[in-house]
Amino acid sequence: MSSKKILVAGGGGFIGGHLVAHLKEQGHDVRSVDIKPFDQWYQVLDGVDNVVADLKDRKNCQDACDGVGDVYNLAADMGGMGFIENNKALCMLSVLINTHLLQAAQEQKCDRFFYASSACVYNADKQVSEDVVPLKEEDAYPAMPEDGYGWEKLFSERMCRHFREDYGLYTRVARFHNVYGPLGTWDGGREKAPAAMCRKVIAAKANGETEMEIWGDGHQTRSFMYIDDCIKGIRMIMDSDILEPINLGSDELITINGLAEMVQVIAGIKLKHNHNLSAPKGVNGRNSDNTLIDKYLGWAPGIKLREGMELTYKWIEEEYNKKHAAATA
Ligand code: NAD
């Protein structure tokens, strides 16, 4: 472990913000960089070198990597299915962030580089059935990832690999499967399913509604990883000898209808599901095969979905109430 400054790219975002908080708590000297203005960061922590900059720009990446040992790249233009299916070009432009960060890290001889990839790199043919076979790392090839966002992730994974092979830069890559938890996006169009479910149920409860909208028929299956498990996994993967991209996700499978029902139980209400079959719904089924991460790191998710969703629901309910109190003041 380097004693130099640690860079978290995308530190104003959900996972980046939690990583910054964790590194700071461990006593590290952290620089957190994000394109958003500070009032939109989920966490702006004292004692951290917080910087607003566009990391698509190469010079900004050089400045961000100045004096840095470890780089964690969690910056990307991303969101849930509704966002990535309708913003493919924007998602692909994140390639500039990883490319310029890799170049800057190599030029400035940074010690280590972590890249946040995604389960969206996996071949769509392996995800046609709700009755899923969990995705193994080798299932990314032959390549047929999620259009736009997934292609960018797959390309950037390979850039990390070639910077390691050709220039000797220490790179590590994790493929996240649906991360959720407090202090992340819960409205505005970029939110993912767990946060969207919480918001819809909270709104229905507040407004006395009896129905909620579900995208697709709700039979789609997914797994969701709580943020604390994700942060622990990121640190373990960065410290590991694992050269190839590795899954970092939960293998607790649930249908989207099941997730909605879980949130209703947490909220103490029962709602009729109104299925919107023309809304973006992603692949039919996706789960993480955790054989490799268990074998190499002994990592397994420690927080069950129900427990994590209760914590997430509570935070989103507070945010929802704050926002609506401000709107009616
Ligand atoms: P997020 O949107 O909350 O965080 C990403 C941050 O990157 C945002 O704060 C955004 O402002 C910042 N950013 C975007 N463009 C930038 C730029 N040009 N310069 C500087 N900052 C920029 O998303 P997140 O959930 O925290 O995701 C973090 C990483 O993990 C992303 O790479 C994402 O693709 C990946 N990932 C997340 C999930 C998930 O379920 N959350 C799943 C798979 C992969």
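All values reported here derive from a predicted model rather than from experimental measurement. (Residues numbered from 1 in each chain as written. Predicted model: local features only at pLDDT ≥ 70, side-chain atom pairs only at ≥ 80, totals over all residues. Heavy atoms only, no water.)

*Asks:* I tried to follow the domain arrangement of the chain on my own but got confused; where do I start?
*Replies:* Often, the extent of an interface is quoted as the loss of accessible area on bringing the components together. Looking at the assigned domains, one finds that the chain contains domain 1 (5-179 + 225-248) and domain 2 (181-222 + 252-287 + 303-320). On a C-alpha basis, the centres of domain 1 and domain 2 stand 25 Å from each other. Of the residues lining the interface, 28 residues belong to domain 1; the matching set on domain 2 comes to 28 residues. Of the roughly 2,500 Å² buried between domain 1 and domain 2, counting both surfaces, carbon and sulfur atoms make up 55%. Per-residue buried area on domain 1 facing domain 2 is highest for Y42, E130 and Y226; these three make up 27% of the total on that side. Between the two partners, domain 1 and domain 2, sit one salt bridge. For the salt bridge of R190 with D77, the shortest nitrogen-to-oxygen distance reads 2.9 Å. Taken together, domain 1 and domain 2 are joined by twelve residue pairs in polar contact (both at pLDDT 80 or more). Of all the elements in the fold, those that place two or more residues in the side of domain 1 that touches domain 2 are α1 (14-25), α3 (81-84) and α8 (227-238). Across the side of domain 1 that touches domain 2, the residue classes tally to 13 nonpolar, ten polar and five charged. (Domains from an automatic or database assignment. Contact = heavy atoms within 4.5 Å. Buried area = accessible area lost by both parts, 1.4 Å probe. Salt bridge = Lys/Arg side-chain N within 4 Å of Asp/Glu carboxyl O. Polar contact = N/O pair within 3.5 Å; in protein donor to acceptor, adjacent residues only side chain to side chain. Helix = DSSP H or I, 4+ residues; strand = E, 2+ residues; numbered from the N terminus. Nonpolar A, V, L, I, M, F, W, Y, C, P; charged D, E, K, R; others polar.)

*Asks:* I would appreciate a short explanation of helix α2 (residues 58-65) in the present structure.
*Replies:* Because each turn of an α-helix spans 3.6 residues, side chains separated by three or four positions in sequence point in the same direction. Those residues of α2 lying buried are C61, A64 and C65. Take α2 and look down its axis: the buried residues cluster within an arc of 90°, on one side only. If you check the start of α2, you find a side-chain oxygen 3.0 Å away from the backbone N of K59, and it comes from D57. Just downstream of α2, G67 is the residue with a positive phi angle, here 75°. (Buried < 20%, exposed > 50% of the residue type's maximum accessible area, 1.4 Å probe, protein only. Arc of directions from axis to C-beta.)

*Asks:* I tried to follow the packing of aromatic side chains on my own but got confused; where do I start?
*Replies:* Given two aromatic rings, one states the distance between the centres and the angle between the planes to describe the pair. On inspection of all chains with the given rule, the structure shows six aromatic pairs. On the basis of an interplanar angle of 65° and a centroid distance of 4.9 Å, the ring pair of F38 and W41 is categorised as edge-to-face. Of the residues examined, F38 reaches a relative accessible area of 38% and is grouped as partly exposed. You can call W41 buried: its relative accessible area is 6%. Chaining the aromatic ring pairs together yields one cluster made of Y72, F114 and F176. (Phe/Tyr/Trp six-rings, centres within 6.5 Å; stacked < 30°, edge-to-face > 60°.)

*Asks:* Help me understand a nonpolar patch on the surface, please; the structure alone is not making it clear to me.
*Replies:* A surface patch of nonpolar side chains, amounting to about 230 Å² of accessible area, comprises F38, V44 and V52. In this fold, V44 is placed in the loop between β2 (30-34) and β3 (49-52). (Patch = residues over 30% accessible without salt bridge, like charges linked within 9 Å, V, L, I, M, F, W, Y side chains within 5 Å. Areas by Shrake-Rupley, 256 points an atom, 1.4 Å probe, with all protein chains shown as cover.)

*Asks:* For this particular structure, what's the right way to read the nonpolar core?
*Replies:* Grouped burial of nonpolar side chains is what soluble globular proteins tend to show. Within the largest apolar cluster, 57 residues are counted, with the highest numbers of intra-cluster contacts made by I15, F176, I234 and L248. Excluding its chain neighbours within four sequence positions, the residues that come into contact with I234 are I15, L19, Y72, L74, F114, F176 and L248. (Core = buried A, V, L, I, M, F, W, Y, C linked by side-chain atoms within 4.5 Å.)

*Asks:* Before we go on, may I ask you to explain the state of the cysteines in this structure?
*Replies:* Covalent bonding between the sulfur atoms of two cysteines defines a disulfide. The full count for this structure, using the stated rule, is zero disulfides. Free cysteine: C120, not disulfide-bonded; nearest cysteine sulfur from C91 at 9.1 Å. Take C198: it sits in no disulfide, and the sulfur closest to it among the cysteines is that of C230, at 18 Å. When its relative accessible area of 0% is taken as the criterion, C198 is described as buried. (Disulfide = S-S within 2.5 Å.)

*Asks:* What is the right way to read the pattern of salt bridges from this model?
*Replies:* Where charged atoms from two side chains of opposite charge come close, those side chains can pair. Evaluated as defined, the whole model comprises 20 salt bridges. The closest approach of N and O atoms between K314 and E318, which form a salt bridge, is 3.5 Å. Of this pair, K314 and E318 are both found in helix α11 (residues 305-328), four residues apart, which corresponds to roughly one turn of the helix. What makes E318 partly exposed here is its relative accessible area of 39%. Through salt bridges that share partners, K5, D29, R31 and D49 make up one connected network.

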